[in-house]
Amino acid sequence: MYENIKSGTLTFLVLLSLVLTWQIWTFQPNYALLQDADYVNNPNLNEERTLSQVIVPEQLVFHVNGDHSLLYNTEPRFLEFYEQWLTSRVEEISLMSNITLSQVLEEAIELVFPTKIPGDVFLNLFENVEEDFIMPIDNVERVLVYPNRETDKVHYRVVSSQEHRFLDIETSFSTSDFEENYMAQTDELLKVFDYTVGSQMGQWRKSLYLPEESVYVETISYTVTPVLVDVFKQLLFNDPLSAKYFRQANGDESYTDGNRLIHIINNGNFMDYINPIYSENPERGSRNVIVSSIDFINGHGGWTDQYLLDNWVSNEGKEEAKYRLWLNGYPVISLGDYDVMSLHVFRTGNQTSRYVRPLFDLDQQPMEYARTIVELPSGHDVINQLEQREYFDRTLLQKITIGYEMKKWNAFVTIEPHWYIYYDNVWQKLSFDDGIEREGDDHGLE
């Protein structure tokens, strides 16, 4: 009896071994299931950018013998000049108070930034700066690059109208290169005129530069590639696999890990990430919000398209930085509830509390068959229309620019050029037939 049980057990073990061996040989793993749990890669993201790649002047204005010419920030000469401007060695910094701008504007290149740049952030743009250099002004609004005849070097006249201060920076920028490569070649550039605005007086008033003649700008269409929200779930949630999904009555979608929230809105065109900070008096971050927001974007998906610093705020109530999409040298401006074509980062204390961005990427080349040319009125026509308005207040006018309005249909977008003004902190689109359209009107992505 014992021998029979032993033989039976041995036979069973041999058969079991054969079955298990066969299963091992014939096993096919479910790679689809593994892929769902693995990192979701999106080839349109992952590009990190430096401070100088996202802080770029919106205009480069050449001043020669009383004439003004403009170079767009997409032109090869602009990129060449900006590179040389950033890599020139900063040799000496001095605070000025007794030299007027008119003495410099006789022969200079003016860099107009879209917003004021914090002094320490401005200094960090340059590659060759001594560590012990300290910026004696808090904010930089524009910079005049000019040849100093006394030193025979190119100097940077840094202007802070808010503080009523000039800063003079002596550099290693070659005077001969400046004269021959840039100042001697302005005939083919767009001719502009100076229109001063703002509440400041005298040389501290802000100058807007507008074209003398009509401007011809392309209407362009692009195909787009969606950016997967799964990428951001993995980057922004501690445990993305446990995130819960909700669909609201209006069709908007949300994901939450129990604390953080990713809200998908506007038919899936962009996301609003919210990280609630539970503190009545959070300690303010030691770094400027521009620097911390660039680091955040670099570390959470990276950049797509050409987004440049547009504005920033830092006070006890809020800290935020906005990076606007630029195409062909013009900003993309939305007048709807959300300024959708921007990367918008909010900070509370030392932590990012909100991040708003589009969930699609423009393909590199526009659709060639969809290009048309639009003629836009001259800067003089724009000014005439504004000054004929009954309640127009010149001191409230902050910007006048050609910008693109973007409209999206499924997998492609169309961008159309218009004149815009930034008036009393609100964007408005100028219509030369029916007046103006203000921020908050029903425009933007569909």
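The structure this text deals with has already been given above.
Residues numbered from 1 in each chain as written. Predicted model: local features only at pLDDT ≥ 70, side-chain atom pairs only at ≥ 80, totals over all residues. Heavy atoms only, no water.

Student: For this particular structure, what's the right way to read the overall build of the protein chain?
Tutor: Scanning the protein chain from N- to C-terminus turns up 10 helices and 25 strands. In the protein chain, 66% of the contacts between residues at least 6 apart in sequence involve partners at least 24 apart. Surface exposure of the protein chain reaches about 23000 Å², of which carbon and sulfur atoms provide 48%. (Helix = DSSP H or I, 4+ residues; strand = E, 2+ residues; numbered from the N terminus. Contact = heavy atoms within 4.5 Å. Areas by Shrake-Rupley, 256 points an atom, 1.4 Å probe, with all protein chains shown as cover.)

Student: How do you make sense of the pairing of strand S10 (residues 215-226) when you look at a structure like this?
Tutor: Residues in a regular strand project their side chains so that they alternate between the two faces of the sheet. Looking at chain direction, S10 and strand S21 (residues 372-376) are connected through five bridges and run antiparallel. Counterpart to Val215 in the pairing with S21 is Leu376. In the sheet, S10 pairs with strand S23 (residues 412-423) via four bridges, with the strands oriented antiparallel. Pairing of Tyr222 across the sheet is with Val413, part of S23. Sheet topology note: the S10/strand S20 (residues 360-362) ladder contains three bridges and is antiparallel. Note that in S20 the partner of Thr225 across the bridge is Asp361. (Pairing = 2+ DSSP bridges.)

Student: Even after reading the chapter, I still don't get helix H7 (residues 175-183), so can you show me in this structure?
Tutor: Because each turn of an α-helix spans 3.6 residues, side chains separated by three or four positions end up pointing in the same direction. Of all the residues in H7, the buried ones are Thr175, Phe178, Tyr182 and Met183. Here the buried residues of H7 occupy an arc of 80° about the axis, which is enough to place them on one side. The elements touched by buried residues of H7 are strand S1 (59-64), helix H4 (76-87), strand S4 (107-118), strand S5 (139-148) and strand S6 (153-160). (Buried < 20%, exposed > 50% of the residue type's maximum accessible area, 1.4 Å probe, protein only. Arc of directions from axis to C-beta.)

Student: I'm lost on the pattern of salt bridges in this one. Help?
Tutor: Two side chains bearing opposite charge may form a pair once their charged atoms approach each other closely. Counted by the stated rule, this structure contains 21 salt bridges. Where Arg49 meets Glu47, a salt bridge forms, and the shortest distance between an N and an O atom there is 3.1 Å. Among the ionic pairs, Arg260 bridges to Asp257, the shortest N-O distance being 3.7 Å. Judged by its relative accessible area of 22%, Asp257 is partly exposed. Members of the salt-bridge network, linked through shared partners, are Arg89, Glu91, Lys153 and Glu170. (Salt bridge = Lys/Arg side-chain N within 4 Å of Asp/Glu carboxyl O.)

Student: Even after reading the chapter, I still don't get the packing of H4 against H7, so can you show me in this structure?
Tutor: When two helices pack together, their arrangement is given by the angle between the helix axes and the distance between those axes. The N-to-C vectors of H4 and H7 enclose an angle of 165°; their axes lie 12 Å apart at closest approach. One way to sum up the angle between H4 and H7 is to call them roughly antiparallel. Every pair of crossing elements has a handedness; the one defined by H4 and H7 is left-handed. Contact residues: Arg77, Glu80, Phe81 and Gln84 in H4; Asp177, Phe178, Asn181 and Tyr182 in H7. (Axes fitted to C-alpha atoms, helices over the stretch in contact; angles between N-to-C directions. Parallel < 35°, antiparallel > 145°, perpendicular 65-115°, else oblique. Left-handed = near helix turned anticlockwise from the far one by under 90°.)

Student: When you look at the side chain of Arg49 in this model, what are you seeing that I'm missing?
Tutor: Assignment of secondary structure puts Arg49 in the loop between helix H2 (31-37) and helix H3 (51-54). Residue class for Arg49 comes out buried when judged on its relative accessible area of 11%. A distance of 2.6 Å separates a polar atom in the side chain of Arg49 from the backbone oxygen of Asp305. Dropping the residues within four chain positions of it, Arg49 is found in contact with Val54, Ile294, Asn298, Trp303, Thr304, Asp305, Gln306 and Tyr307. (Polar contact = N/O pair within 3.5 Å; in protein donor to acceptor, adjacent residues only side chain to side chain.)

Student: In this structure, what is going on with the environment of Ser242? I would like to understand it.
Tutor: Note on placement: Ser242 falls in the loop between helix H8 (229-236) and strand S11 (244-247). Between the C-alpha atom of Ser242 and that of Thr256, which follows or precedes it by 14 residues, the distance is 8.6 Å. Engagement of the side chain of Ser242 in a polar contact is seen with the backbone oxygen of Asp239, the distance being 2.9 Å.

Student: Teacher, can you tell me more about the packing of aromatic side chains here?
Tutor: Two aromatic rings are characterised by how far apart their centres lie and by the angle between their planes. Summed over the entire model, instances satisfying the criterion amount to 21 aromatic pairs. For the ring pair Phe122 and Phe126, a centre distance of 5.3 Å and an interplane angle of 80° mean the geometry is edge-to-face. Of the two residues, Phe122 and Phe126, both sit in the buried class. Measuring from centroid to centroid gives 6.1 Å for Phe126 and Tyr156, while their planes differ by 25°, and the two rings are stacked. Of the two residues, Phe126 is situated in the loop between helix H6 (119-123) and S5 and Tyr156 in strand S6; the sequence distance between them amounts to 30 residues. Side by side, Phe126 and Tyr156 carry an identical accessibility label, which is buried. An aromatic cluster of at least three residues, connected via ring pairs, comprises Phe78, Tyr82, Trp85, Phe113, Phe122, Phe126 and Tyr156. (Phe/Tyr/Trp six-rings, centres within 6.5 Å; stacked < 30°, edge-to-face > 60°.)

Student: What should I look at first to understand the environment of Asn259 in this one?
Tutor: With respect to the secondary-structure elements, Asn259 resides in the loop between strand S12 (253-256) and strand S13 (261-265). Among the residues examined, Asn259 registers a relative accessible area of 34% and is labelled partly exposed. For the pair Asn259 and Ile277, spaced 18 residues apart in sequence, the C-alpha to C-alpha distance is 9.9 Å. Residues within four places of Asn259 in sequence aside, it is in contact with Asn275, Pro276 and Tyr278.

Student: Please clarify how the side chain of Arg157 should be interpreted in this entry.
Tutor: Note that Arg157 resides in strand S6. Overall, the relative accessible area of 1% leaves Arg157 in the buried class. Side-chain polar atoms of Arg157 contact the side chain of Tyr146, separated by 3.1 Å.

Student: It is not clear to me how the nonpolar core should be interpreted in this structure. Could you clarify?
Tutor: Side chains of a nonpolar character, in soluble globular proteins, are inclined to be buried together. Membership of the largest hydrophobic core comes to 104 residues, with the highest contact counts inside it found for Trp85, Phe122 and Tyr323. In terms of nonpolar packing, the next biggest core, distinct from the first, is built from eight residues, Val104, Ala108, Val159 and Phe166 among them. (Core = buried A, V, L, I, M, F, W, Y, C linked by side-chain atoms within 4.5 Å.)

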